[in-house]
Structures are given as structure tokens and as C-alpha cells.
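# Secondary and tertiary structure notes
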Amino acid sequence: MLQKQSRKVRIDSMVDSLKRQTRRHFLNRCPLGLAGLATASILGTSVSDRVIAGERVPADSRSRGRVKHVIYLHMAGSPSQFELFDYKPVLAKQHLQPCPDSLLANQKFAFIKGHPQILGPQFEFEQCQQTGRYFSSLVPELRKISEDLTFVRSMSTDQFNHAPAELFLHTGSPRPGSASFGSWALYGLGSENENVPGFIVFVSGGTNPAAGKSVWGSGFLPGIYQGVQCRSFGDPILFLSDPPGMDRSSRRASLDSLSRLNRIHAADFGDPETQTRIEQYELAFRMQVAAPEAFDLGTETAETLEMYGARPGENLFANNCLMARRLVERGVRFVQLFDWGWDVHGTGPHDDLNHQLVKKCSEMDRPVAALIRDLKQRGLLEDTLVIWGGEFGRTSMNEARNGSKYFGRDHHPHCFTMFFAGGGMRPGFDYGATDEFGYFVTENRMSVRDLQATLLHMLGLDPYRLSFPFQGLNHRWIGPTDEGRINQDLLA
Amino acid sequence: MKLRNTTNKSLDRNRPGWFPLESTFWWLCGMGLHVTFWGVSISAQDQTELRVDYSQQVRPILAKHCFACHGPDANHRESGLALHTAELAYARADSGEFGIVPGQPEASGVLIRIESDDDDERMPPSDHGAPLAAGEIDIIRRWIVQGASYEQHWAYRPMQRPEIPAVNQRGWPRNEIDYFVLAKLEQNGLAPAGRASPERLVRRLHLDLIGLPPDPEVVRRFAEEPSETAYEELVDRLLDNPAYGEHWARMWLDLARYADSQGYAEDHYREIWLYRDWVIEAFNQDKPFDEFSREQLAGDLLPDPTEAQLIATAFHRNTMTNSEGGTDDEEFRHAAIVDRVNTTATVWLGTTMACAQCHSHKYDPISIEDYYGLFAIFDQTEDADHYDERPVLQRYTPEQLQDRARLDAEISALRAQREQTASEQDQGVLDQRIKDLQAALQAIRPLTVPIMRELDDNHRRETRLAIGGAFSNKGELVAARLWSEFSRELGERPTRLDLANWLFAEARPLTARVAANRHWEKIFGRGLVETSEDFGSQGSLPSHPELLDWLAAKLEADGWSLKKFVKMLVMSETYRQDSRTTAEKLARDPQNVWLSRGARYRLTAEQIRDTALAASGLLSPKMFGPPVKPPQPKSGLTAAFGGSLDWETSPGEDRYRRGIYTMIRRTNLYPSFQAFDATNRTVCTVRRMNSNTPVAAFVTLNDPVYVECARALGRSARDHRVESVHDGLVFAFRRVLARDPSAEEVGELQSLWERQVMHFRERVQDAAALVGVEGEADLPYAEVVELAAWTVIGNVLLNLDEALTRN
């Protein structure tokens, strides 16, 4: 008996010392709040240790760093700017007239062949009284919150196929293998609530984005920074539920035993990783309680559900918008929504402007407006940045693939429109302009690199110094060159 | 004074194209080790007289602080000063001053700048980096005083076969490795750990050599007589076990970025598993590493290549294909060639070439011409991002060949018969039969595998520099050539075969070091060069440079036999050390750089799956063949422009196959593998990360695959409770951990078992659900309750830290 007790004392003191070690580990390596995340290592060598040896995550001293949370709404496939926000009367006037030669010189299209025709906007536009902006009839709710929105009408990319363009926008490289925005944000800022993953991804529309999981992957960053894809049915986080027939008391009892056995082992072998694993299992246990609560839309009022158009239990973009607000409320750093179905080529009613785009907008307009209103009324919009956009723009011309009678627009990298709300963006402000055909940027071009630099700056991170060493190079989200510029004009 | 006048001009702060990518991190890794090493072994007084080592001490400092603007990239060189070669560093810079004057620190502009207190004069400029630390400046000063001699980067130098060092503790070493390791331990005031227990050694050997846990019977036999002979026999048996190839192929397939889909948006199925099987067989046959490499890089260019040598060339057909509508095939063909160059450089040369796509490398001697010279070698194959993956090799199975022969014979017979037939009606009947048989013949679809095939002389491509790395921005013509660092004579139009031969001839010192280090890393958990993917100046320095050279030379001398090499590693006493550590060792050497204890690290994603299946008796031993689809949760999603991401679980034993056979779809990696850091195989991966997260805990706790394992393990434990529950617990414990539990451990499990029996007595429905027998009639109540408790035990055992760890 005595022997057993003394062994227990020895184990406890050993485990305590390991705990202190693990904690010191964290404090040293996580100057800006990485504590609370799990550890990662390369084949037994803790990666986080390597962060100690490297530079601290560089804060951007010039930034007020107002943004604490990001909700990124990606309309996968890329919506048509001409049917939503960019009112171009010249297109209406020249509807189905041959496109001017000046737009075709040295141009390459994904699908357009021969000499295409101009395509007029397919919907009526109405001006917002407060901001003077035009909005099409497809987005009436967004028009009503126009004062809260910041538009960039001069976005431009150099990729015009979906997968590479999505990768470029989200990971900074058109090829897979690099870290996504959410991963960088989590790497730089850490998590506020360790009981829920810090970077959560939802996919609606029934289809993954074109680049698959790589667009929320952590690339060369440790795996703990990758987005956790959550489902709208079954377990929101994969394998969150205990096996059938195992209730909480049984799980608790088995985790207690597991933990005691692991502590015996930790005392014997002295490896801090064992202590970390014990903690990760405890975190998992807490997450099993916290996550279902966070993901349960059933606790929202009928009024809120109505505002978003959310219907608990279904896989809707609207549900995911409401989920995003719930998660941000619980301290989740980064919520990424991908909604499929915006690739409006016009080969048939399933991908044209007059049917498919109408359907997609009816699913998007209300919940996005509701999300921004809701964040605002709860005081969350101050430090939450909402981003809306696709991966590139659409052409001013009708695609008419194989003589299709349905109207649609081809991929267009030279300009597209994104909007933002909250997080210190200048509300009601419009940045950049395009020519009368909406074909080329005429003022204040904003490249994907500029956007990336600006977004990191808004998070209080230095885009030029936030880097991770991999294969001999300090990789950055903004890429190897300094071409990306922080756009101060956008900031309030 | 002359210097001052030129200061402003030569120190222009707003240089365009500056790259603020200092590699403080790698530097610290390298120097951190270094400082420990020197700090421990050498007194301060000695240091002023001690010869400074250019590679180990000086070059890392120059690379970190200087090379970005004064290095190999001539297009971004400031003030006409470059410091990476003696010739340039000793020359007069634009300002008229000399950067480095050997033996004369006071005349060396570099030293004056780095020591300066004047913000306008000091290098590096304040907006580009922090001033050098006093210790760094001291090293530069001493180096200049000692003559500022340059030498080739350590990794490129000819291999030495160093002397075996002398050691004090002469009884410890068992083979040459141990002398090198012990010498370093003694220098650092550390002592090796004792030998691991026989049980742990058996498990360690199994996990390292075949990736599976041992049979408890094998453990028992070895533990009874753990002799040197028995150990060696065990090693030999494992090296001969076909599971060896399955285990080691995983590592190679990460490098080869092998997947069963094309990647990008549509991510269609790609039939290329014959290549995966080729790799497994090559490891099992111990195909020498040079031959193994040559066949993969250029099997098609060998004289009269065999079918297997052609299949080997699928190595570089693992690049992604973009079949999204509206893509420019040339763009993605170009991307594939870039990937082939980068992958080849990473796999064989441990070198990151990617930087030189856009500009000459900032730190390593790789010019943009070197890059596109290699690019041109790879630019001459037929494949061009085609939807159908051509060119492919077709292969009929033996059964298919028989069927084809039979049909051919029947068709010929019918044709002959038709010749003899006069009646038109009979001819018609025969024609129809022939047609049917031809259709049947057509329907026999061969297996295909994409392969490399060189364009003929009339269709060779003209390779041009891609300016800024953009495929459509063509620069000047470039000729195929090998990397100038190892190739003084560039040769005329080298082919992939020349490249493969060059890797094992002129470039051999680097190739051998990289390969030796990678295998060391897979066994010891950490490479002698920690950055096993980067042997360039930004990578870490070897912890045991002499040992690395000795190993590299040995690998070559042994005819590049990887089995001999791996055997040598596991036969060492270094390998056999106990992995227990003490607070003192942990404090002095937290990463176990000096190898004063056995390695301890988490298993790979595939191993975690394989060991759980093996321990629970479910693992199928079936080898080879098409990828399989074990149970995976539904996502309810399709790939963009492609089919469903969900799959029907493979029937029969295919759901229990080793992880290496699991279908890898690039846009949707198998979720439980993703949780344990497997790669999605889009890019060449040398080292996987090892994370430790709650999301991973969910997999082994709750994934139905692991619940099934827990049930099966629990059931066999129940079946083995010969006399008591205790016996069953010991049985299950041995199956998972290959050792006997302590009294305390078995007591803990027994207590849990008893409490769970009580728990499930009150909840029989739950018990039936957990055991997976819901709805089955007339199950004895007590049995179901006990099985539920055993399932909980199985679940706990499979989640033990020790179960997930190679110890």
C-alpha cells in the first residue's frame, strides 16, 4: 500500500514537471496567443519549438489591428458583377452587338470562340438613396444595407481557371501546397476558444470548391492550422460523437482510465508529448460538449431564423451564415463559407444568368444581409470582417458556347468586384473603377496580392514579415515579391 | 575615409526587388546547434585562436544577412558586391572599395559596415534586418584575419570516408555508427541510455521495418532468449517480409506525390496503381537505389526497356492534370514540368530549386540557366496535360491474355470457316458471330498506367526561359544541361538518362548524403541533417557531419543496397537504446540531437490504421491491386465538375487492407489520414508534420473503423480469458503494445472493465449498440454486457499514447 502510494506521488510529481514543461513550451513559443492550440512536430521534433527559435510572429505596429474574426463568403465559380453590383448602361445599349475589337486584342478566353457579342445586364438596377450605389433587382437586401458595405470594383487576378484562381486567392499560389488565409490568421493570432476549432469551413451548394480541400489547407504550416470542414448533417465535426451505445459517463470513465494509464507512461518515459496527448483528449472531451451547442441552430429565435431564411437540419448557405455568427460569437477566429453554383456560363438553364443566377442570388442576398445586420446589432461587426467575392470576374460578352441560347458570361481575370463589411473597413466607400464595358480597370487596380497584404494588415499582422520557413525559403501569404501593397484607402 | 564618401551610394536603402526573407529561423536551428557544440566543448580563450570553419560558421551568417543582395543572384546584386565566392568578394565593388581583403580586417568594407554604429552606414540596412550579433561579427573578423578562405558548401564536397573516432566507453559500440555517436556524446558530456527491453525492441523493429506490430508469440520467443543471433535473425526475417516493401513504399510515394486522381477541379480517377505496386516490389527486391532511381527517371530510355521499367517512369507522371473546361493545356503541361524539376531536385539532391524559376537563387549556387537547363531535359516528353493521360502503357492480366488468345483463335477459326462457306445465309450468321466475338475482344480492357515517352527528333520542343516563371512569357532559348555545380562539362543535349546517371556519378556526394540522411530520419525520427528536404545553405547543418559522410560512402560502397543500409542502422547500439529520458537529458538536449536515448515519435497515419487493424486481428494480408475504399463518412458533396466525393465501401477483405492501398483522391484526402498529417500528394513531401490534436483523438476514439477494431480486439480478449478477466486484459494489452502490463496497468484496466460491466448491466440496449449486435435476437444478456465492456477496453488500449507511438 505504502509502496503504491509513493509510486503515485512520484508519478504526480513527474507529470507536474512535464506539465510545467509543456506550459513553458507554450509560453515561450506562443507570444501572440498560440497557446491553447495543440502542438505539432515534425517527426518528434516539435514544430512549435522551432517557432521559438525563429522569429516571433510579427505584429504590424502601424496597424490598429481591429479585426479579431473573419467571415469569408466565397461564391465558388465566380458570380457575374454585371448582374449584381456593376451597373454598365453601355452594355444594355450595345446588347448583342459585336464586341469592339479593342476588347479582343491579345485576349484569351476559356470558352468564348470567334467574335463575341456584348451582353447587356439581365436585370433592372436600382440606386440606393443613401450611398448612390446601384444594385440589381437580384440583391434587394444588400441594397438596404449599402451604407455598411465597402466595395472594391477593381479587383484583378492573373488566373482564370477556377482551381488555380481559388488557390491563388486563398493560399497565395496557384498551385497546391501553400497555406490558406485562415491558416495564416490562426497561425498569427491563435485561437480564443480552444473548445471549438479556430478555423472552420462550411461548403454549401452540394459541391466542393474547385481546388478541393487545398483552399483551406495549411500547406507548409503545421496541420493544426488547417481549416476543419464541418458538415451540416450528422456530426458537424467528423467523429465528434461517441460510438453508438457509449454514453457520456462511459466515455468519461474510459478517458479517466486512458489518462491514468498515459500518466503512468509519461512518468516512466518522460516525454512531454505524452502530457500533450492527455491534454488533447481532455480538449476533445470538452469539444464534444461545446461543439454541438455551437452548431445547434435550434436555440435561435424564430425571428432570427426568419431573418436569415435559415431552416435547421438542411444544408443551406443561409444556415451556414447563421452558423458563422454563432461561431464568431464563441471566439472562432476564422469562418470560411464556400457556396457552389456561381459559374454562370449560360450553357443551359442550370448555369445561366436568367435561371441559375436568380436562384443563387435568392439563396445569398437575404442571409448575407442578415448576417451583417445581425453582427452589427450584436456589436460584433466592429471586430469581425466579412468578405464577399468570387475568384475572378465574368466577361462583358455573351459566352454563347456552341451557340447556346441561354445567356452567360465567360471567365474574366482583369476585373471583378468584392465587398466587405465591418472590421475597420470604410463603410459606404467605393474603391476603383472599370471602363464603360466593365472590361479593364481604369483606376485604382487592386490585385489579389494587394488584397492579401491589406487583409493581414487589418488583422494586425505584418504581411511582409509574417512568414514560415519551409524548404529553405521563408514563405509568405503575399508571395516572394513585395508587389502587394496595403491599401490604406479602404480602412476607416 | 574613402569609404565614407561612397557610403550613401553603395548603401541605397530603397533597392527594388529586395527580398525581406531572412532565414533567421534556419539560421538559428543551425547555429543553435552550433553554439551548443562549440560552447560546450571549447573554452572562451581557445576561441580566439581557433580556426573558423567557413561552411559551418561563416557561410550561415553571410547567407542570413548578406546574400539576398550580395549573393548568387546577379540580377539583384547591389553595389557590384557579391560575397558568395572568393573571386567576387575579393574584387573591387562599384564604390571602389574592397568587400573583403584576406588577412586585413581593417581594410575589409564588409567588416566596417557590419560593425558600424552609424545607421546610414551599417549593414544590413535597418529596414532589411537586425544588426549582426557580436558573436557573428567576431566570427567574420576572425575569418578575415585567418585569410578569409572559401570552400565549397559542405553538402557538395566530395565524400570523405572518415576515420572511426576513438571513444572512452569502449565496451558500448557495436558497429561503426556507435563510435561516431558515442564520440559526440562524450564531447557533450552525455552518456548513452541503456538498452531498451527485448519486448520494446521487437515492437520497435517491427514498426520501423514493416510498419506493423509484432505477433505476441514472436515477442515472447525473443524475450526468452534475446541473444545477438536472435536479434539479427529477427532483423533479417523482417527485411524479407513482404510487408517491408509496403511500409517503405509509403515514404517513397510521399516523395513521388503518388495519388489515384488527377488533381485540380475535376480530380478524376487516375489508374496508376501499377506504379505503386512497382515501388513495393522494388523495395522488397532491394533494387539498388541507383537502379531504382534510373528506372523511375528514365526507364523508357534504357536499352530495350522492360514493361516494369516503363511502369517505373510513372514516377513523374504523378504530376497533376487539369481537365477543367477552358484550360490551356500548355499552361498545365508547363506546371507539370516545373513540378518534375522541383521534385527531382528535392528527392535526389535535397535542394530547393523552385526559386530559380523566376530568378537565380538567392542563397544557393543555382542560376536561372541551371533551372531551365534541367527544365529542358524534362521538356521533351509526349505527355501534355491530355485528358486521357496519354501516353499510357497497357497491360493485360494473365486471365485477360488467355481470354484474348481464346477469342483470337475463335475468330480466326470462324473466318477460315467463312472462307469455306458458300451459302450467303451461313456467311451472314458467321459474320454476326465474328462481330460478337470482336466486340467481346474489345471489351477486355487492359490496365493502363501513364508513362514517360520521349518525343521523336522531329517533334522536339524548343525550351525557353519563362520570364517571372510565367509559362506564356517566353524568354531566350535554353539548351538542356545539368546543374553546373556538379557538372563542369555540360555535355551535348543531356537526356533524362544522362541526368539519372549524373546523379550517381558527378552529383553523387549530394545524392548519397541526401539518401542516407532520409533513411536515417525514417529510423531515428530526425535526420542528421534535420532539414532533410534542404541541404542548401538555408538548411540546417549536420549534427554529425563525419557520420553522415561515413554513411553516405557506405551506402555507395554497398552497391546502394537500402536493405543493407537499414540493417546497419538497426543493428547499431545507438538504435537499441531505451527511449526513456530524464529531466536532465530533456533539459540539455530536448530534441535528442546527440542521440543519448532511443527515438520516440508518433506513428504515421497509415501505421496508426494498420496497427489498429493488425492488433484487432482484422488486417487483410492481401497485397497489390487497385486502390481500395475503406469506410469513410459521407460528405454529401461532389468534386467541382466531377463525381461524388463519397464512395461505396469496398466489399469483403478490401475494407481491411493496409493504408497504402487506400484510394487517395487529391481534393478529398481520406479524413482519418488527414487528421494524422498524411499528405494529399499534390506536391513532393519529404517530412510529414506530426500534430497532436483533438480532431485526431476523435478519429481513434470514434471513427467507425476504429470502433470496429475495438470490438474485434475486445471480442478476442474475451475469447482468451482463459481463467479470468485478467488473462483477457493481458492478452489484449500484448496485442496492442507487445509487452506485459504492470500490475498497476492491469489493475486500472480491470477496474474499468468491472465498472463498465456494471454500467452496461443497467443499459443492455446501449451494450448491444456498442457491440454492434442491435436487433439480433436471442443474444445472451450477460455476454452482450461483457462484450460491451471489452469493447470499451479495446477502445482505451487503441488510444494509449504508447499505442500511437514508436517507442
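Just so we're clear, the structure is a prediction, and the values are computed from it rather than from any experiment. Numbers given to residues run from 1 along each chain, matching the order in which its sequence is written. Whichever chain is written first is A, and whichever ligand is written first is 1; the rest continue in order. Local features are withheld for residues below a pLDDT of 70 in this predicted model, meaning they are given only at 70 or higher, and side-chain atom pairs are given and counted only at 80 or more; totals for whole chains, interfaces and linings count all residues. Calculation of side-chain values draws on the structure's entire complement of heavy atoms; hydrogens and water are dropped beforehand.

To qualify as a helix, a DSSP run of H or I must reach at least 4 residues; to qualify as a strand, a run of E must reach at least 2; elements of each kind are numbered from the N terminus. For chain B, the helix and strand inventory stands at 33 helices and 7 strands. We compute the radius of gyration from the C-alpha atoms alone; for a globule the expected value is 2.2 Å times N to the 0.38, where N is the number of residues. Against the globule reference of 28 Å for 807 residues, chain B gives a C-alpha radius of gyration of 31 Å, in line with a compact fold. In terms of overall dimensions, chain B has a C-alpha envelope of 100 × 85 × 50 Å along the principal axes. Exposure is judged per residue with a 1.4 Å probe applied to protein chains only, and the accessible area is read against the type maximum: over 50% gives exposed, under 20% gives buried, and values in between give partly exposed. A burial count over chain B gives 63% of its 807 residues as buried. In what follows, residue pairs with any heavy atoms lying within 4.5 Å of each other are defined as contacts. For chain B, the share of sequence-separated contacts (at least 6 apart) that also reach a separation of at least 24 residues comes to 71%. Surface accessibility of chain B: about 30200 Å² in total, with carbon and sulfur atoms responsible for 50%. Between the centroid of the 93 positive side chains of chain B and the centroid of its 123 negative side chains there is a distance of 1 Å. Each accessible area value is a Shrake-Rupley result obtained with a 1.4 Å probe; residue values ignore everything except the protein chains displayed when judging cover. This count recognises Lys and Arg as positive and Asp and Glu as negative, with His and chain-terminal groups excluded. For charged residues, the charge sits on one atom: NZ in Lys, CZ in Arg, CG in Asp, CD in Glu.

Okay, the interface of chain A and chain B next. With 101 residues of chain A at the interface, the matching set in chain B holds 105 residues. Once two parts are brought into contact, the accessible area they lose, counted with a 1.4 Å probe and summed over both, makes up the buried area. Taken together, both faces of the contact between chain A and chain B bury some 8700 Å²; the carbon and sulfur share is 58%. In what follows, salt bridge is the name for a side-chain nitrogen of Lys or Arg lying within 4 Å of a carboxyl oxygen of Asp or Glu. Here chain A is connected to chain B by 7 salt bridges. With its nearest N and O atoms 3.4 Å apart, the salt bridge here joins B:Arg763 to A:Asp247. For this analysis, a polar contact is any N or O atom pair within 3.5 Å, provided that within protein one partner can donate a hydrogen and the other can accept it, and provided that sequence-adjacent residues contribute only side-chain to side-chain pairs. Summed over the shared surface of chain A and chain B, the number is 39 residue pairs in polar contact (both at pLDDT 80 or more). Looking at which element gives the most residues to the side of chain A that touches chain B, the answer is helix H7 (residues 248–269) of chain A, with 15 residues. In terms of residue class, the side of chain A that touches chain B is built from 46 nonpolar, 36 polar and 19 charged. Any residue outside Ala, Val, Leu, Ile, Met, Phe, Trp, Tyr, Cys, Pro, Asp, Glu, Lys and Arg is labelled polar, Gly included; the first ten of those are nonpolar and the last four are charged.

Attention now goes to helix H24 (residues 562–571) of chain B. Residues and elements named next belong to chain B. Most of H24 sits inside the fold, with 8 of its 10 residues counted as buried. The set of residues buried in H24 consists of Leu562, Lys563, Phe565, Val566, Met568, Leu569, Val570 and Met571. Looking at where H24 begins, the residue whose side-chain oxygen comes 3.1 Å from the main-chain nitrogen of lysine 564 is serine 561.

Here we come to the domain arrangement of chain B. Domain ranges listed in this record stem from an automatic or a database domain assignment. What the domain assignment reports for chain B is domain 1 (2–151), domain 2 (165–194 + 515–601), domain 3 (196–241), domain 4 (255–387 + 462–514), domain 5 (397–445) and domain 6 (704–806). Here domain 4 of chain B and domain 6 of chain B have C-alpha centroids that lie 51 Å from each other.

Here we come to the packing of helix H30 (residues 725–737) of chain B against helix H33 (residues 781–798) of chain B. Residues and elements named next belong to chain B. Here H30 crosses H33 at 30 degrees, and the two axes come no closer than 10 Å. Considering their axes alone, H30 and H33 lie roughly parallel with respect to each other. For the element pair H30 and H33, the recorded crossing hand is right-handed. For the pair H30 and H33, the contacting residues are Val725, Gly728, Leu729, Ala732, Phe733 and Val736 in the first and Trp790, Ile793, Leu797 and Leu798 in the second. Of the residues contributing to the contact of H30 with H33, the split by class is 9 nonpolar, 1 polar and no charged. Here the axes come from fitting lines to C-alpha atoms, over the contacting stretch only for helices, and the angles between their N-to-C directions go from 0 to 180 degrees. Here is the rule for angles: anything less than 35 degrees is roughly parallel, anything more than 145 is roughly antiparallel, 65 through 115 is roughly perpendicular, and the remaining ranges are oblique. In this scheme, a crossing is called left-handed if the near helix is turned counterclockwise away from the far one by less than a right angle; it is called right-handed if the turn is clockwise.

On to the confidence of the model for chain B, then. pLDDT: the predictor's confidence for each residue, scored from 0 to 100. When pLDDT is averaged across chain B, the result is 88; 93% of the residues are at 70 or more. Here residues 1–47 of chain B scores under 50 on pLDDT; set against residues more than four positions off or in separate chains, the count is 108 contacts.

A word on the state of the cysteines. All names here are of chain B. The disulfide criterion used throughout: a pair of cysteine sulfur atoms within 2.5 Å. Taken as a whole and assessed by the stated rule, the structure comprises 0 disulfides over all chains. Take cysteine 66: it sits in no disulfide, and the sulfur closest to it among the cysteines is that of cysteine 69, at 9.2 Å. With no disulfide of its own, cysteine 355 has cysteine 358 as its nearest cysteine by sulfur position, at a separation of 8.7 Å.

Right, let's talk about the packing of aromatic side chains for a bit. Between 30 and 60 degrees the pair is tilted, below 30 it is stacked and above 60 it is edge-to-face, where a pair is any two Phe, Tyr or Trp rings, Trp via its six-membered ring, whose centres lie within 6.5 Å. Going through the model one piece at a time under the given rule, you end up with 54 aromatic pairs over all chains. Seen from their ring centres, A:Phe85 and A:Phe419 are 5.5 Å apart, and the 85 degrees between their planes marks the pair as edge-to-face. Of this pair, A:Phe85 sits in the loop between strand E3 (69–76) and helix H3 (89–93) while A:Phe419 sits in strand E13 (residues 416–421), placing them 334 residues apart in sequence. Since its relative accessible area comes to 0%, A:Phe419 is described here as buried. A centroid spacing of 5.5 Å and a plane angle of 45 degrees characterise the contact between B:Tyr372 and B:Phe375, whose relative ring orientation is tilted. With B:Tyr372 and B:Phe375 both in helix H18 (residues 368–378), this residue pair falls 3 residues apart, about one helical turn. Across the pair, exposure class does not vary: B:Tyr372 and B:Phe375 are buried alike. Among the aromatic residues, ring-to-ring pairing joins B:Trp252, B:Tyr258, B:Tyr275, B:Trp278, B:Phe283, B:Phe289, B:Phe292, B:Phe315, B:Trp348, B:Phe504 and B:Trp560 into one connected group. Throughout this description, the term charge over a ring refers to an Arg CZ or Lys NZ atom that lies within 6 Å of the ring centre and within 35 degrees of the ring normal. We note A:Arg248 situated over the ring of A:Phe285; from NZ or CZ to the ring centre the distance is 4.0 Å. In this structure, A:Arg426 is placed above the aromatic ring of A:Phe429, and the distance from its NZ or CZ to the ring centre is 3.8 Å.

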